[in-house]
Amino acid sequence: MTKVYFVRHAQPDHSWTEDKTRPLTTEGKKDVKSVLPVLKDKKIDAFYCSTYKRSYDTIAETAQYYGKEIITDSRLRERTSGPNGNNQGMFQKRWEDHSYHEEQGESLEMVQKRNIEALTEILEDNQGKNIVIGTHGTALSTILNYYDPTYDCNSFLRIIDWMPYIIELDFEGTTLLSKTELLHIEKEFKGRKG
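The structure reproduced in this document is the subject of the present report. (Residues numbered from 1 in each chain as written. Predicted model: local features only at pLDDT ≥ 70, side-chain atom pairs only at ≥ 80, totals over all residues. Heavy atoms only, no water.)

**Details of the overall build of the protein**
Tallying secondary structure elements over the protein gives 7 helices and 6 strands in all. In sequence order, the secondary structure elements of the protein are arranged as β-α-α-β-α-β-α-α-β-α-α-β-β. Scaling as 2.2 N^0.38, a compact globule of 194 residues should have a C-alpha radius of gyration of about 16 Å, and the protein matches this with 16 Å. Dimensions of the protein, computed from C-alpha atoms along their principal axes, come out at roughly 40 × 35 × 25 Å. Taking all contacts inside the protein whose residues are at least 6 apart in sequence as the whole, residues at least 24 apart take part in 67%. Surface accessibility of the protein: about 9100 Å² in total, with carbon and sulfur atoms responsible for 46%. When the 27 positive and 31 negative side-chain charges of the protein are each reduced to one mean point, those points stand 5 Å apart. (Helix = DSSP H or I, 4+ residues; strand = E, 2+ residues; numbered from the N terminus. Rg over C-alpha atoms; globule rule 2.2 N^0.38 Å. Contact = heavy atoms within 4.5 Å. Areas by Shrake-Rupley, 256 points an atom, 1.4 Å probe, with all protein chains shown as cover. Lys, Arg positive; Asp, Glu negative; His and termini not counted. Charge placed at Lys NZ, Arg CZ, Asp CG, Glu CD.)

See the structure below:
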(Lines give C-alpha, C1' and ligand atoms only; values in the text may rest on other atoms or scores of the structure.)
Protein backbone atom coordinates (compact mmCIF):
# COMPACT_ATOMS: atom_id res chain seq x y z
CA MET A 1 0.00 0.00 0.00
CA THR A 2 1.15 3.52 -0.80
CA LYS A 3 0.11 6.27 1.60
CA VAL A 4 -0.11 9.84 0.31
CA TYR A 5 -0.47 12.67 2.80
CA PHE A 6 -1.82 15.71 0.98
CA VAL A 7 -1.04 18.92 2.87
CA ARG A 8 -3.00 21.94 1.78
CA HIS A 9 -1.01 25.08 2.54
CA ALA A 10 -1.50 27.30 5.59
CA GLN A 11 -3.16 30.73 5.31
CA PRO A 12 -1.64 32.83 2.48
CA ASP A 13 -1.19 36.60 2.42
CA HIS A 14 -3.73 37.77 -0.16
CA SER A 15 -2.36 41.31 -0.14
CA TRP A 16 0.51 39.78 -2.17
CA THR A 17 -0.70 39.85 -5.76
CA GLU A 18 1.71 37.39 -7.46
CA ASP A 19 0.20 33.94 -6.93
CA LYS A 20 3.32 31.78 -7.29
CA THR A 21 5.40 33.73 -4.75
CA ARG A 22 2.55 34.57 -2.32
CA PRO A 23 3.87 34.01 1.23
CA LEU A 24 2.03 32.77 4.31
CA THR A 25 0.52 35.23 6.76
CA THR A 26 2.02 35.56 10.24
CA GLU A 27 -0.80 33.31 11.48
CA GLY A 28 -0.16 30.89 8.64
CA LYS A 29 3.53 30.63 9.62
CA LYS A 30 2.45 29.75 13.18
CA ASP A 31 -0.08 27.20 11.94
CA VAL A 32 2.64 25.40 9.94
CA LYS A 33 3.91 24.20 13.34
CA SER A 34 0.87 21.89 13.52
CA VAL A 35 1.93 19.90 10.43
CA LEU A 36 5.03 18.14 11.79
CA PRO A 37 3.34 16.63 14.88
CA VAL A 38 0.79 14.93 12.57
CA LEU A 39 3.45 13.56 10.19
CA LYS A 40 6.49 12.90 12.41
CA ASP A 41 5.54 9.26 13.07
CA LYS A 42 4.44 8.45 9.50
CA LYS A 43 7.87 7.31 8.20
CA ILE A 44 7.75 9.60 5.16
CA ASP A 45 9.91 8.44 2.25
CA ALA A 46 9.51 11.37 -0.16
CA PHE A 47 8.17 14.90 -0.40
CA TYR A 48 6.58 16.45 -3.48
CA CYS A 49 5.08 19.88 -3.83
CA SER A 50 3.55 22.48 -6.06
CA THR A 51 6.02 25.14 -7.22
CA TYR A 52 4.14 27.76 -5.16
CA LYS A 53 5.87 29.27 -2.13
CA ARG A 54 2.94 28.88 0.29
CA SER A 55 2.74 25.12 -0.30
CA TYR A 56 6.50 24.63 -0.12
CA ASP A 57 6.78 26.63 3.10
CA THR A 58 3.95 24.64 4.71
CA ILE A 59 5.80 21.30 4.40
CA ALA A 60 9.42 22.57 4.60
CA GLU A 61 9.85 21.99 8.36
CA THR A 62 8.54 18.43 8.06
CA ALA A 63 10.84 17.66 5.12
CA GLN A 64 13.76 19.05 7.10
CA TYR A 65 12.83 16.84 10.07
CA TYR A 66 13.06 13.79 7.78
CA GLY A 67 16.22 15.07 6.05
CA LYS A 68 14.49 14.93 2.66
CA GLU A 69 14.51 17.35 -0.24
CA ILE A 70 11.19 18.58 -1.62
CA ILE A 71 10.69 17.67 -5.28
CA THR A 72 8.64 20.39 -6.96
CA ASP A 73 6.31 19.76 -9.88
CA SER A 74 4.51 22.63 -11.63
CA ARG A 75 1.62 20.31 -12.53
CA LEU A 76 0.66 20.28 -8.84
CA ARG A 77 0.10 24.04 -8.81
CA GLU A 78 -3.20 25.76 -8.02
CA ARG A 79 -5.78 26.69 -10.65
CA THR A 80 -4.84 29.73 -12.69
CA SER A 81 -7.57 32.30 -11.99
CA GLY A 82 -9.10 34.49 -14.63
CA PRO A 83 -10.11 38.13 -14.06
CA ASN A 84 -13.46 37.15 -12.48
CA GLY A 85 -11.67 35.84 -9.40
CA ASN A 86 -13.27 33.74 -6.69
CA ASN A 87 -16.80 34.18 -5.43
CA GLN A 88 -19.72 31.90 -4.63
CA GLY A 89 -21.26 32.22 -8.11
CA MET A 90 -17.99 31.43 -9.89
CA PHE A 91 -17.27 28.47 -7.61
CA GLN A 92 -20.68 26.99 -8.42
CA LYS A 93 -20.36 27.68 -12.14
CA ARG A 94 -17.00 25.90 -12.34
CA TRP A 95 -18.20 22.91 -10.30
CA GLU A 96 -21.39 22.55 -12.36
CA ASP A 97 -19.36 22.57 -15.59
CA HIS A 98 -15.81 21.27 -15.12
CA SER A 99 -14.86 22.47 -18.61
CA TYR A 100 -15.86 26.09 -17.91
CA HIS A 101 -13.10 28.63 -17.47
CA GLU A 102 -12.76 32.37 -17.65
CA GLU A 103 -10.52 33.98 -20.23
CA GLN A 104 -6.90 33.52 -19.09
CA GLY A 105 -8.08 31.07 -16.42
CA GLU A 106 -8.15 27.28 -16.07
CA SER A 107 -11.14 24.98 -15.81
CA LEU A 108 -11.40 22.35 -13.08
CA GLU A 109 -10.99 19.75 -15.83
CA MET A 110 -7.63 21.28 -16.82
CA VAL A 111 -6.44 21.43 -13.22
CA GLN A 112 -7.57 17.86 -12.56
CA LYS A 113 -5.85 16.50 -15.69
CA ARG A 114 -2.41 17.84 -14.80
CA ASN A 115 -2.69 17.04 -11.07
CA ILE A 116 -3.79 13.44 -11.73
CA GLU A 117 -1.03 13.03 -14.30
CA ALA A 118 1.55 14.13 -11.70
CA LEU A 119 -0.02 12.01 -8.93
CA THR A 120 -0.10 8.89 -11.13
CA GLU A 121 3.62 9.26 -11.85
CA ILE A 122 4.36 9.79 -8.16
CA LEU A 123 2.38 6.65 -7.26
CA GLU A 124 4.12 4.59 -9.93
CA ASP A 125 7.56 5.79 -8.77
CA ASN A 126 6.89 5.24 -5.05
CA GLN A 127 4.92 2.02 -4.70
CA GLY A 128 4.61 0.88 -1.09
CA LYS A 129 6.04 4.13 0.26
CA ASN A 130 4.72 7.01 2.37
CA ILE A 131 4.59 10.31 0.47
CA VAL A 132 3.79 13.92 1.36
CA ILE A 133 2.40 16.19 -1.37
CA GLY A 134 2.13 19.94 -0.72
CA THR A 135 -1.02 21.15 -2.45
CA HIS A 136 -3.82 23.72 -2.74
CA GLY A 137 -7.57 23.81 -2.11
CA THR A 138 -8.85 23.62 -5.68
CA ALA A 139 -6.05 21.34 -6.89
CA LEU A 140 -6.71 18.89 -4.05
CA SER A 141 -10.47 19.08 -4.58
CA THR A 142 -10.10 18.10 -8.24
CA ILE A 143 -8.00 15.09 -7.19
CA LEU A 144 -10.64 14.03 -4.64
CA ASN A 145 -13.35 14.50 -7.30
CA TYR A 146 -11.42 12.29 -9.74
CA TYR A 147 -11.62 9.34 -7.32
CA ASP A 148 -15.09 10.21 -5.99
CA PRO A 149 -17.38 11.99 -8.51
CA THR A 150 -19.80 12.87 -5.68
CA TYR A 151 -17.15 15.32 -4.43
CA ASP A 152 -18.78 18.58 -5.54
CA CYS A 153 -18.95 22.33 -4.92
CA ASN A 154 -20.31 21.80 -1.39
CA SER A 155 -17.43 19.42 -0.64
CA PHE A 156 -14.99 22.06 -1.89
CA LEU A 157 -16.66 24.82 0.15
CA ARG A 158 -16.50 22.58 3.24
CA ILE A 159 -12.68 22.70 3.16
CA ILE A 160 -12.20 26.20 1.72
CA ASP A 161 -11.38 27.68 5.14
CA TRP A 162 -9.16 24.79 6.25
CA MET A 163 -5.54 25.96 6.12
CA PRO A 164 -3.54 23.87 6.69
CA TYR A 165 -5.51 20.71 5.94
CA ILE A 166 -4.05 17.19 5.87
CA ILE A 167 -5.81 14.21 4.32
CA GLU A 168 -4.35 10.71 3.92
CA LEU A 169 -5.17 8.74 0.76
CA ASP A 170 -4.25 5.05 0.71
CA PHE A 171 -3.58 3.42 -2.67
CA GLU A 172 -3.01 -0.06 -4.05
CA GLY A 173 -1.10 0.76 -7.22
CA THR A 174 -3.11 3.69 -8.59
CA THR A 175 -6.42 2.54 -7.08
CA LEU A 176 -7.68 4.57 -4.13
CA LEU A 177 -8.66 2.33 -1.21
CA SER A 178 -9.48 4.83 1.53
CA LYS A 179 -9.12 8.40 2.74
CA THR A 180 -8.80 9.84 6.24
CA GLU A 181 -8.77 13.48 7.34
CA LEU A 182 -5.98 14.06 9.85
CA LEU A 183 -5.87 17.81 10.52
CA HIS A 184 -7.57 21.06 9.71
CA ILE A 185 -7.19 24.54 11.10
CA GLU A 186 -10.00 26.91 10.24
CA LYS A 187 -8.93 30.25 8.74
CA GLU A 188 -11.01 32.60 6.63
CA PHE A 189 -10.32 32.20 2.91
CA LYS A 190 -9.58 35.85 2.20
CA GLY A 191 -9.13 35.30 -1.54
CA ARG A 192 -12.92 34.97 -1.83
CA LYS A 193 -14.58 38.06 -3.27
CA GLY A 194 -18.26 38.81 -3.03
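**Things to note about the sheet that holds strand β4 (residues 130-135)**
With mixed pairing, 6 strands are arranged side by side in an open sheet as β3-β2-β4-β1-β5-β6. The open sheet is flanked by β3 (70-72) and β6 (175-186), the only strands paired with a single partner. On average, each strand axis in the sheet is inclined to that of its neighbour by 20°, with strand direction left out of account. Relative to strand β5 (residues 162-172), helix α6 (residues 137-147) is tilted by about 30°, and along the sheet it contacts β1 (2-8), β4, β5 and β6. (Pairing = 2+ DSSP bridges. Axes fitted to C-alpha atoms, helices over the stretch in contact; angles between N-to-C directions.)

**Brief notes about the pattern of salt bridges**
Opposite charge on two side chains permits them to pair, given that their charged atoms come into close proximity. Counted under the stated rule, the structure contains 18 salt bridges. Put simply, K42 and D41 hold a salt bridge, and the shortest N to O gap is 3.9 Å. Given the relative accessible area of 22%, K42 is considered partly exposed. Across the pair E102 and R79 runs a salt bridge whose closest N-O atoms are separated by 3.3 Å. Here E102 is found in the loop between α4 (88-96) and α5 (108-125), whereas its partner R79 is found in the loop between β3 and α4, with 23 residues between them in sequence. Considered together, E102 and R79 belong to a single accessibility category, that of buried residues. Put simply, D73, R75, E117 and E121 are held in one network by salt bridges that share partners. (Salt bridge = Lys/Arg side-chain N within 4 Å of Asp/Glu carboxyl O. Buried < 20%, exposed > 50% of the residue type's maximum accessible area, 1.4 Å probe, protein only.)

**Focus: the pairing of β6**
Bridge analysis of β5 against β6 gives 9 bridges, and the strand direction is antiparallel. Looking at the pairing, I167 lines up with E181 of β6. The antiparallel hairpin formed by β5 and β6 contains 2 residues in its connecting segment, where G173 sits at a positive phi of about 65°.

**Considering the packing of α5 against α6**
Between α5 and α6, the least distance of the axes is 9 Å, while the angle of their chain directions is 75°. With respect to each other, α5 and α6 are oriented roughly perpendicular. Of the residues in α6, those in contact with L108, V111, Q112, N115, I116, L119 and L123 of α5 are T138, A139, T142, I143, N145, Y146 and Y147. Split into classes, the residues belonging to the contact of α5 with α6 amount to 9 nonpolar, 5 polar and no charged. (Parallel < 35°, antiparallel > 145°, perpendicular 65-115°, else oblique. Nonpolar A, V, L, I, M, F, W, Y, C, P; charged D, E, K, R; others polar.)

**A closer look at the packing of aromatic side chains**
This model, assessed by the stated rule, comprises 8 aromatic pairs. Arranged with centres 5.0 Å apart and planes meeting at 85°, the rings of Y146 and Y147 form a pair that is edge-to-face. The class for Y146 is partly exposed, based on a relative accessible area of 45%. Aromatic rings pair up to connect F91, W95, Y151 and F156 into one cluster. (Phe/Tyr/Trp six-rings, centres within 6.5 Å; stacked < 30°, edge-to-face > 60°.)

Note that all results are geometric; they support no functional claim without further evidence.
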